[in-house]
Amino acid sequence: MARRTQAALYSEIDLELSWSEDQLPQVERTKHVHGLHPYLGKFIPQLVEVFLRRYFNPGDCVYDPFVGSGTTLVEANAFGATGIGCDVSAFNCLLTRVKTADYSLGALEMALRVAYEESRHLQGKVGDSLGTDWLQRWYAPMALRELLAYRAAAGQLDDPIREVAHVILSRSARSARLTTHFDLDFPRQPVTDAYYCHKHKRTCAPVEEASKFLRRYTSDTSERIRAFASLRTRAESLVLHEDSRAVRLPTRPSGIITSPPYPGLIDYHEQHRYAYELLGLVDRRLEEIGPASGGTGRSALAAYQDSMVGVLLNASEQMDSGAPVVVVVNDSRSLYPAILDRAGLRLEDVVTRHVNRRTCRRAGEFYESVLVCRVA
Ligand SMILES: C[S@@+](CC[C@H](N)C(=O)[O-])C[C@H]1O[C@@H](n2cnc3c(N)ncnc32)[C@H](O)[C@@H]1O
């Protein structure tokens, strides 16, 4: 069969991957552990399910060099494949570990309930002046006291349950920031006065407490982990907190499914700043590829391309020839043909996916490409 031209490859829209809101509502896109914590720039689990079925078999090893909130690893596990995920963001690694760990459910639920109750007792013992300057600026005094008390209670738990409590703490901290209801993704300044809320179409007041979120997310987290437990397989999931340009993988993956960062869009550390401040996580933001703060000037785009070539070459060297590499990206600047070429990947298929359900202030229709390549 004659090889299709690049233009022909790019012109196809894959209907199997272009779900409408009715076919795939929000509740399905954030099913079980996928909804443990909000995350910008996440791809949807159903996309990963399709690519696992198309290009992998149970028992394979799937690698995601930009594991983010862990979508690939969760789905790889449910599919029966080993998952290896790498990310330079400590919070994203924490989230992925929590989603993929195997728990004794009764012990987990009991310990989380006790941690919440214990945090209520500890509130009086947490001083007002505790917490970093950033925390003091972004939280009302009572909310901060409740978060710090919960942190102290979580500190009494052992891993992996302590890490689950850290995710509950982070999710609550995200909701309890002094920001408007409509600006949870990119809050600029703390908001301390009542404001007109574009989301609720009325006057709203900034959040003063965190306890209601801690309570709500304690039960929601237990339910989500329980729901995933019935789908979990015994396949292993491994999370590496490394820069994917240099990481050495413990085994040779069968292939890759990933959605890379794209230049000028999101600062992945800053997005979860509250978690870094509360948990004292290691900050490796200088190693982020294509951060929003780096802009989209010519040198930023060139640096992005060099970095992506580095990631893909590093991964290819650790995989066999012919291994599938599936890259989901909205390549509006056409940076990828050159990246794939320089990384020695053979482009086999490009499927264009219609995405019609972005929420909040980033709303609007757009198309996303899935580049299916093979290691040469
Ligand atoms: C688009 S997100 C991945 C989202 C993921 N597919 C999901 O569903 O959650 C890109 C990720 O790349 C990570 N990243 C950026 N630079 C990196 C680097 N040098 N090494 C490893 N990960 C990096 C970011 O921290 C972010 O989590």
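Residues numbered from 1 in each chain as written. Predicted model: local features only at pLDDT ≥ 70, side-chain atom pairs only at ≥ 80, totals over all residues. Heavy atoms only, no water.

Draft legend 1. Looking closely at a positive patch on the surface. Together, Arg 120, Lys 212, Arg 215 and Arg 216 give the surface a local cluster of positive charge. If one sorts the elements of the positive patch by residue count, helix H10 (residues 211-229) sits on top with three residues. Along the chain, Arg 216 turns up in helix H10. By relative accessible area, which is 46% here, Arg 216 ends up partly exposed. (Patch = residues over 30% accessible without salt bridge, like charges linked within 9 Å, V, L, I, M, F, W, Y side chains within 5 Å. Areas by Shrake-Rupley, 256 points an atom, 1.4 Å probe, with all protein chains shown as cover. Salt bridge = Lys/Arg side-chain N within 4 Å of Asp/Glu carboxyl O. Lys, Arg positive; Asp, Glu negative; His and termini not counted. Charge placed at Lys NZ, Arg CZ, Asp CG, Glu CD. Helix = DSSP H or I, 4+ residues; strand = E, 2+ residues; numbered from the N terminus. Buried < 20%, exposed > 50% of the residue type's maximum accessible area, 1.4 Å probe, protein only.)

Draft legend 2. Main features of the packing of aromatic side chains. Applying the stated criterion across every chain, the model contains seven aromatic pairs. Geometrically, the ring pair formed by Tyr 304 and Tyr 336 is edge-to-face, given 6.3 Å between the ring centres and 70° between the ring planes. With a gap of 32 residues between them, Tyr 304 in helix H13 (residues 298-316) and Tyr 336 in helix H14 (residues 336-342) connect regions that are remote in the sequence. Linked through ring pairs, Trp 134, Trp 138 and Tyr 139 together constitute an aromatic cluster. Across from the ring centre of Tyr 217, 4.0 Å away, lies the NZ or CZ of Arg 171, which sits over that ring. (Phe/Tyr/Trp six-rings, centres within 6.5 Å; stacked < 30°, edge-to-face > 60°. Lys NZ or Arg CZ within 6 Å of the ring centre and 35° of its normal.)

Draft legend 3. Looking closely at the sheet that holds strand E6 (residues 255-258). Overall, mixed pairing links the seven strands, which are arranged E5-E2-E1-E6-E7-E9-E8 in an open sheet. Either end of the sheet is taken by a strand with one partner, and the two such strands are strand E5 (237-240) and strand E8 (345-355). With strand direction ignored, the average angle separating the axes of adjacent strands in the sheet is 20°. Strand direction decides the pairing type here: strand E2 (residues 82-86) and E5, joined by four bridges, are parallel. Across the sheet, the residue bridging to Ile 84 is Leu 238, located in E5. (Pairing = 2+ DSSP bridges. Axes fitted to C-alpha atoms, helices over the stretch in contact; angles between N-to-C directions.)

Draft legend 4. Quick look at the nonpolar core. Counting residues in each nonpolar core, the largest one holds 51 residues, and the members touching the most others are Tyr 139, Tyr 150, Val 164 and Leu 278. Elements that contribute at least two residues to this core include exactly helix H5 (90-100), helix H6 (105-122), helix H7 (133-138), helix H8 (141-154), helix H9 (161-176), H10 and helix H12 (273-279). Taken together, domain 1 (6-99 + 237-271 + 286-375) and domain 2 (105-229) each give at least three residues to this core, which thus spans both. Ignoring sequence-local partners within four residues, the contact set of Tyr 139 consists of Trp 134, Leu 144, Leu 147, Ala 173, Arg 174, Ala 176, Arg 177, Leu 178 and Tyr 274. Core analysis: the next-biggest nonpolar cluster, separate from the first, contains 34 residues, Leu 301, Val 309, Ala 323 and Ile 339 among them. (Core = buried A, V, L, I, M, F, W, Y, C linked by side-chain atoms within 4.5 Å. Domains from an automatic or database assignment. Contact = heavy atoms within 4.5 Å.)

Draft legend 5. The arrangement of the site of the ligand in detail. Surrounding the ligand, one finds 26 residues, the nearest of these being Ser 69, Thr 71, Asp 87, Asn 92 and Ser 259. Residue Tyr 39 places a side-chain N or O atom 2.8 Å away from an oxygen atom belonging to the ligand. In isolation the ligand offers 610 Å² of accessible surface; the protein chains occlude 99% of this area. For the shell around the ligand, the class distribution of residues is 10 nonpolar, nine polar and seven charged. (Near = heavy atom within 4 Å. Polar contact = N/O pair within 3.5 Å; in protein donor to acceptor, adjacent residues only side chain to side chain. Nonpolar A, V, L, I, M, F, W, Y, C, P; charged D, E, K, R; others polar.)

Draft legend 6. Focus on the domain arrangement of the protein. Domain boundaries in the protein define domain 1 (6-99 + 237-271 + 286-375) and domain 2 (105-229). On a C-alpha basis, the centres of domain 1 and domain 2 stand 29 Å from each other. Facing the 21 residues of domain 1 at the interface are 18 residues of domain 2. For the pair domain 1 and domain 2, the two sides together bury roughly 1700 Å², of which 65% comes from carbon and sulfur. Taken together, the links from domain 1 to domain 2 amount to one salt bridge. As a salt-bridge pair, Arg 97 and Glu 163 come within 2.9 Å of each other at their nearest N and O atoms. Run the count over domain 1 and domain 2 and you get three residue pairs in polar contact (both at pLDDT 80 or more). Element by element, the count of residues in the side of domain 1 that touches domain 2 is highest for H5, at six residues. Looking at side-chain class alone, the side of domain 1 that touches domain 2 contains 11 nonpolar, five polar and five charged residues. (Buried area = accessible area lost by both parts, 1.4 Å probe.)

Draft legend 7. Expanded view of the packing of H5 against H9. H9 packs onto H5 with a crossing angle of 120° between their chain directions and a minimal axis gap of 9 Å. Judged by the angle between their axes, H5 and H9 are oblique. In this structure, H5 crosses over H9, and the sense of that crossing is left-handed. On the side of H5, the interface is formed by Phe 91, Leu 94, Leu 95, Arg 97 and Val 98, while H9 contributes Glu 163, Val 164, His 166, Val 167 and Ser 170. Split by residue class, the contact of H5 with H9 holds six nonpolar, two polar and two charged. (Parallel < 35°, antiparallel > 145°, perpendicular 65-115°, else oblique. Left-handed = near helix turned anticlockwise from the far one by under 90°.)

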